[in-house]
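Spelled out from the first residue to the last, the chains are:
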Amino acid sequence: MPWRVSPADRRAGVRPDPYRVWLSEVMLQQTTVAAVRDYFRKFTAIWPRVTDLAAAADADVMAAWAGLGYYARARNLLKCARVVAHEHGGTFPDTRERLLALPGIGPYTAAAVAAIAFDRPETVLDGNVERVMARLHAVEVPLPMAKPELMDRAARLTPQARPGDYAQAVMDLGATICTPRGPACGICPWRDDCQAHARGMQADLPRKLPKAAKPTRVGIAYLARRRDGAWLLETRPDKGLLGGMLGWPGSDWAEKVPAHDPPIDADWRDPGGEVRHTFTHFHLRLSLRVADTTENEPARGAFVPAHRFRPADLPTVMRKAYDLISATLPPLE
């Protein structure tokens, strides 16, 4: 993992960079390591220090984040970087309590940065550690009710010496050996102490309450191309889903099909098909309307010239819409 400092390097005196630890932890929230690697490399190549990120334009950061999802994290990333740069002289606070005062940093991230970057004996409890603790101590109370007990169990094991290495080791144990399905108990260093293994119930833990079925919402997205190749886009409101991201003008996402309310006068057509996308709390079905236009004054949004338009800068659901209609577009005159 490009954000890690190996134990051998630690012994040689190399210390983890708090900026890289913090950036990786924010990116890893609700996202897999495999998905994060390339984004982390891209961010640290463009903005190698927290002061570089703090000075970046919002639109550039949001574009670089596109596709990683959970876009409130990107907005909070910028807010936090700017507070660290302007109020802390570009240096991250080194305690959990002071880290918690930064924008977008919650209890888990504060503990992780304090432990990994500063070797503070803080308890780091992510989903992997929860699973390890539930099995090690045979905790049968289902999640999320079991979280306080799992935190207490994890805290008792957190050492004073090398707590950063320990925190990463337990997370790695859950990610690679004590996995959700088919845990590799035969090579687990805690096998002999694992109560779930002793009872033959490791595959059944941790228990979880059944998830409620996700509702489905519908909406319309309007994709307008000007005759010179410019595309009509808008920056979504800072609050809410995809906040601060570029996207196609469109309707609200609701339970019922919304009324036709295009952002510009044009001969709109239905290209057929729809975009389907799943967010954390609901499924989305997005109908599309497409038009070529010579108008220059939309009611919403603004035209982005063809040479500046990059589909890769769009969030995934908006890029899906472009991909769906791109093959149906007539050539420009």
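Residues numbered from 1 in each chain as written. Predicted model: local features only at pLDDT ≥ 70, side-chain atom pairs only at ≥ 80, totals over all residues. Heavy atoms only, no water.

## Overview of the layout of surface pockets
For clarity, the threshold we go by: Lining residues are defined by having an atom within 4 Å of a point belonging to a cavity or pocket. Those points lie on a 1 Å grid over the protein atoms alone, cavities being sets where a 1.4 Å probe fits but cannot get out and pockets being open sets with protein on both sides within 12 Å along at least five of seven lines. Grid points are joined across faces, edges and corners, and a volume is the space filled by probe spheres set on the points. The helix count covers DSSP runs of H or I at least four residues long, the strand count covers runs of E at least two residues long, and both are numbered beginning at the N terminus. Classification convention: Asp, Glu, Lys, Arg as charged; Ala, Val, Leu, Ile, Met, Phe, Trp, Tyr, Cys, Pro as nonpolar; all other residues, Gly among them, as polar.
The space that makes up the largest pocket amounts to roughly 1800 Å³. Gln-30, Asp-126, Gly-127, Asn-128 and Lys-208 are the residues nearest the centre of the largest pocket, which is lined by 45 residues in total. Secondary structure elements with two or more residues in the lining of the largest pocket: α2 (18–28), α8 (107–118), α9 (127–136) and α11 (163–176). Top contributing element to the lining of the largest pocket by residue count: α9, with five residues. Classifying every residue of the lining of the largest pocket gives 19 nonpolar, 12 polar and 14 charged.

## A short note on the pairing of strand β2 (residues 231–235)
Heads up, the rule is: When a residue's accessible area, from a 1.4 Å probe over protein chains only, is under 20% of the maximum for its type it is buried; when over 50% it is exposed; and in between it is partly exposed. Two strands qualify as a pair provided that DSSP identifies no fewer than 2 bridges between them.
Across the five residues that make up β2, a large majority, four, are buried. With three bridges joining them, β2 and strand β6 (residues 302–304) adopt antiparallel strand pairing. Counted as the bridge partner of Trp-231 is Val-304 from β6. Relative to strand β3 (residues 246–247), β2 runs antiparallel, the two sharing two bridges. By the bridge assignment for β3, Thr-235 is matched with Leu-246.

## What to know about the packing of aromatic side chains
As a reminder of what qualifies: Side-chain rings of Phe, Tyr and Trp, where Trp is taken by its six-membered ring, are said to pair if the distance between their centres is within 6.5 Å; with planes under 30 degrees apart they count as stacked, over 60 as edge-to-face, and otherwise as tilted. Only lysine NZ and arginine CZ atoms are considered, and such an atom sits over a ring when it is within 6 Å of the ring centre and within 35 degrees of the ring normal.
Going through the model one piece at a time under the given rule, you end up with 14 aromatic pairs. Ring geometry for Trp-22 against Phe-92: centres 5.2 Å apart, planes inclined by 45°, an arrangement best described as tilted. Remark: Phe-92 occurs in the loop between α6 (72–87) and α7 (96–100) and Trp-22 occurs in helix α2; sequence separation between them is 70 residues. Phe-92 matches Trp-22 in its accessibility class, with the two residues each being buried. Through a chain of ring-to-ring contacts, the aromatic side chains of Trp-231, Trp-248, Phe-309 and Tyr-322 assemble into a single cluster. One cation-aromatic arrangement involves Arg-217 over Phe-282; the distance from NZ or CZ to the ring centre is 4.1 Å. Sitting over the face of the ring of Phe-303, Arg-226 holds its NZ or CZ atom 4.8 Å from the ring centroid.

## Overview of the confidence of the model for the protein chain
Detailed reading of the predicted coordinates is not advisable wherever pLDDT falls low. As a reminder of what qualifies: Every residue carries a pLDDT, the predictor's confidence in it, which falls somewhere between 0 and 100.
On average, residues of the protein chain carry a pLDDT of 93, and 100% of them reach 70 or more. Helix α1 (residues 7–11) is the least confidently modelled element of the protein chain, averaging 84 in pLDDT, while helix α4 (residues 50–54) averages 98, the highest of any element.

## Focus on empty space enclosed by the protein
If you walk through the whole model with that rule in mind, you get two cavities of 30 Å³ or more. Taken as a whole, the largest cavity holds about 130 Å³ of empty space. What lines the largest cavity is a set of 15 residues, and nearest its centre among them are Arg-135, Cys-178, Cys-185, Cys-188 and Cys-194. Element by element, the count of residues in the lining of the largest cavity is highest for α9, at three residues. Classifying every residue of the lining of the largest cavity gives 11 nonpolar, two polar and two charged. Within the residue set of the lining of the second largest cavity, elements represented by two or more residues are α9 and α11. Here the element with the most residues in the lining of the second largest cavity is α11; it accounts for three residues. Across the lining of the second largest cavity, the residue classes break down as seven nonpolar, two polar and one charged.

## Looking at a positive patch on the surface
Our working rule: Within this analysis, patches are made of residues with over 30% relative accessible area and no salt bridge. Like charges are joined at 9 Å or less; nonpolar side chains (Val, Leu, Ile, Met, Phe, Trp, Tyr) at 5 Å or less. Areas reported as accessible are Shrake-Rupley estimates using a 1.4 Å probe. Residue values count occlusion only from the protein chains shown. Salt-bridge detection follows one rule: a side-chain nitrogen of Lys or Arg within 4 Å of a carboxyl oxygen of Asp or Glu. In this count, Lys and Arg are taken as positive residues and Asp and Glu as negative ones, while His and the chain termini are left out. In this description, the location of a charge corresponds to atom NZ of lysine, CZ of arginine, CG of aspartate or CD of glutamate.
There is a patch of like positive charges on the surface, built from Arg-181, Lys-208, Lys-211 and Lys-214. A relative accessible area of 80% means that Lys-211 is categorised as exposed.

## Focus on the pattern of salt bridges
According to the stated counting rule, one finds 22 salt bridges in the structure shown. Its salt-bridge partner being Arg-49, residue Asp-52 comes within 3.3 Å of it at the nearest N-O pair. The partner of Arg-289 in a salt bridge is Asp-270, and the shortest N-O contact between them spans 3.7 Å. On the criterion of sequence distance, the pair formed by Arg-289 in strand β5 (residues 283–293) and Asp-270 in the loop between β3 and β4 (274–278) is long-range, its members being 19 residues apart. Its relative accessible area of 21% is what places Arg-289 among the partly exposed residues.

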